[in-house]
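Examining the three-dimensional arrangement
One letter stands for each residue in the lines below.
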Amino acid sequence: MRISMYNNIDLHWWGNDLLLIRNICEYYFFEEEEVFFVEHLCKTNKVADLVYNITRELDVDSITVESFIDIFMENFADYFYFTHEETTQLIGISGKRSAYYPLEIHISLTNRCVQNCKHCYKSAGAYGVFINSHMLAAFLDHMAGYVPYICLSGGEPTLHPDFSKIMGRYSSTYDICVLSSGVRVLPLLGVIAKAKRGMIVSIYSSIPSVHDEFAGYKGSYAEVLKSIDAAKANDIPVSITTLISKDNFKDIERLVELMNQKEIGIINIGRISSIGRAKESNLEAMKSIPDSLQEDLLGLKTRHSNVEILSDTECGNALLPFSPLKCSAGTLSWSINEYGQIHPCGVCSVEELSLGVIDGFDESILINRTPYIEKVNKVHLIKHMQETGAVCPFHE
């Protein structure tokens, strides 16, 4: 008999605390005796060996240890399970004890894109810059072994001249996902296939003309569907992201049904924030949307288990102890833009919240977070959120 852990679960050190994390939104601080057991579990997942090792180390009888294991497995039945599978892999812990490594790093390889999405927070388009590959490599080499996940995005990440090299070098070091427009990526599907978490593409409607107008690229819808079909045919995991606007809110359920016909993984549904191109063009995308929309979306989530509503505030409230931003930004997740600057998240590029730069990265923030938290708490935006109980404006 062995003990295994479900796929959507992570164990991660946060300072001297060991966290049990599910989908980065749900977390649990292990108690001291649970930490002791989990550390032994990471050395051997065979129950008989666990009992033997712990009884010897603590000088207790096997019945006491077996009883503890039964209680632990009952309390954490949603996270761990017994199995007779002999090939079950050992459970690992990411991060480092006494340090504060993020669980995931979101990396914008470029702000160049083949599309011209009218809501784009980066105002990405035909012109832009590429992140310095050598600086990025040095940074990723330094974080390797402690940070398990990276997401490569843009703009369109596949436009970076070193995209294939980056994927080849780090696909075995990190669990990668590629956040892509899905346009003009067919020749690179062999490279994208190296991403263990696959590809996330944006699609805004099941109606071609609505999607194309939103993406600012004629023929985008057809290309995106071809990319999705080709990726699925090559066993590449695919998830999608869509945003609610006055043009597509009546079409969301039909889009979800279409994507489920294609056996899409996660379907993320969010709202447009008034930043980037949306702000520049004074996009009033939320007008004409009924007040009952949130209730409708929650109903959609109930009917389709793979739907995630990105505007949910429960996740943010759950992560409040990690960050004044009421989310995982700047703590369990970091964001690097195409200039090599490290921010809490891709849309929150307030200079006062900067975590540094990748060129000559100052790793003191990984050991002592107090100076950063003190700096963050002085920022007017954070003070306003704390005083009023408001959510981050970038998530509204």
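Definitions and cut-offs
Residues numbered from 1 in each chain as written. Predicted model: local features only at pLDDT ≥ 70, side-chain atom pairs only at ≥ 80, totals over all residues. Heavy atoms only, no water. Helix = DSSP H or I, 4+ residues; strand = E, 2+ residues; numbered from the N terminus. Buried < 20%, exposed > 50% of the residue type's maximum accessible area, 1.4 Å probe, protein only. Contact = heavy atoms within 4.5 Å. Areas by Shrake-Rupley, 256 points an atom, 1.4 Å probe, with all protein chains shown as cover. Axes fitted to C-alpha atoms, helices over the stretch in contact; angles between N-to-C directions. Parallel < 35°, antiparallel > 145°, perpendicular 65-115°, else oblique. Left-handed = near helix turned anticlockwise from the far one by under 90°. Nonpolar A, V, L, I, M, F, W, Y, C, P; charged D, E, K, R; others polar. Pairing = 2+ DSSP bridges. Phe/Tyr/Trp six-rings, centres within 6.5 Å; stacked < 30°, edge-to-face > 60°.

Details of the overall build of the protein
Each helix and strand in the protein was counted, giving 15 helices and 15 strands. Within the protein, the fraction of its 396 residues that count as buried is 52%. Long-range pairs, those at least 24 residues apart, make up 67% of the contacts in the protein between residues at least 6 apart in sequence. Only carbon and sulfur atoms are counted for the fraction: they give 50% of the accessible area of the protein, which is about 18,900 Å².

Describing the packing of helix H2 (residues 47-58) against helix H3 (residues 62-75)
It is at 9 Å that the axes of H2 and H3 come closest, and there the two elements cross at 125 degrees. Classified by the angle their axes make, H2 and H3 are oblique. Once H2 is placed against H3, the crossing between them reads as right-handed. Residue-level inspection shows Val47, Leu50, Val51, Ile54 and Thr55 of H2 in contact with H3, the latter providing Ser62, Val65, Glu66 and Ile69. A class-by-class count of the residues in the contact of H2 with H3 yields 6 nonpolar, 2 polar and 1 charged.

Comments concerning the environment of Ser4
Inspection of the secondary structure assignment puts Ser4 in strand S1 (residues 2-5). Dropping the residues within four chain positions of it, Ser4 is found in contact with Tyr79, Phe80, Tyr81, Thr83, Thr88 and Ile91.

Let's talk about the sheet that holds strand S2 (residues 9-14)
Read from one edge to the other, the open sheet built from 3 strands follows the order S2-S3-S4, with strand pairing classed as antiparallel. Either end of the sheet is taken by a strand with one partner, and the two such strands are S2 and strand S4 (26-29). Strand-to-strand twist across the sheet, computed as the mean angle between neighbouring axes with direction ignored, equals 25 degrees. For S2 and strand S3 (residues 17-22), the ladder comprises 6 bridges, and the chain directions are antiparallel. Within S3, the position partnered with Asp10 by the bridge is Ile21. The strands that helix H1 (residues 32-41) touches are S2, S3 and S4; relative to S2, the one it contacts most, it runs at about 115 degrees.

As for the packing of aromatic side chains
Throughout the structure, instances matching the rule amount to 18 aromatic pairs. When the ring of Phe30 is compared with that of Phe76, the centres are 5.6 Å apart and the planes differ by 55 degrees; the resulting orientation is tilted. Taken as a pair, Phe30 in the loop between S4 and H1 and Phe76 in the loop between H3 and strand S5 (80-83) lie far apart in primary sequence, 46 residues in all. As far as the burial class goes, Phe30 and Phe76 line up, both buried. Relative to Phe76, the ring of Phe72 lies with its centre 4.7 Å away and its plane at 40 degrees, an arrangement referred to as tilted. Judged by relative accessible area, which is 6%, Phe76 ranks as buried. In this structure an aromatic cluster arises from ring pairing among Tyr28, Phe30, Phe37, Phe68, Phe72, Phe76, Tyr79 and Phe80.

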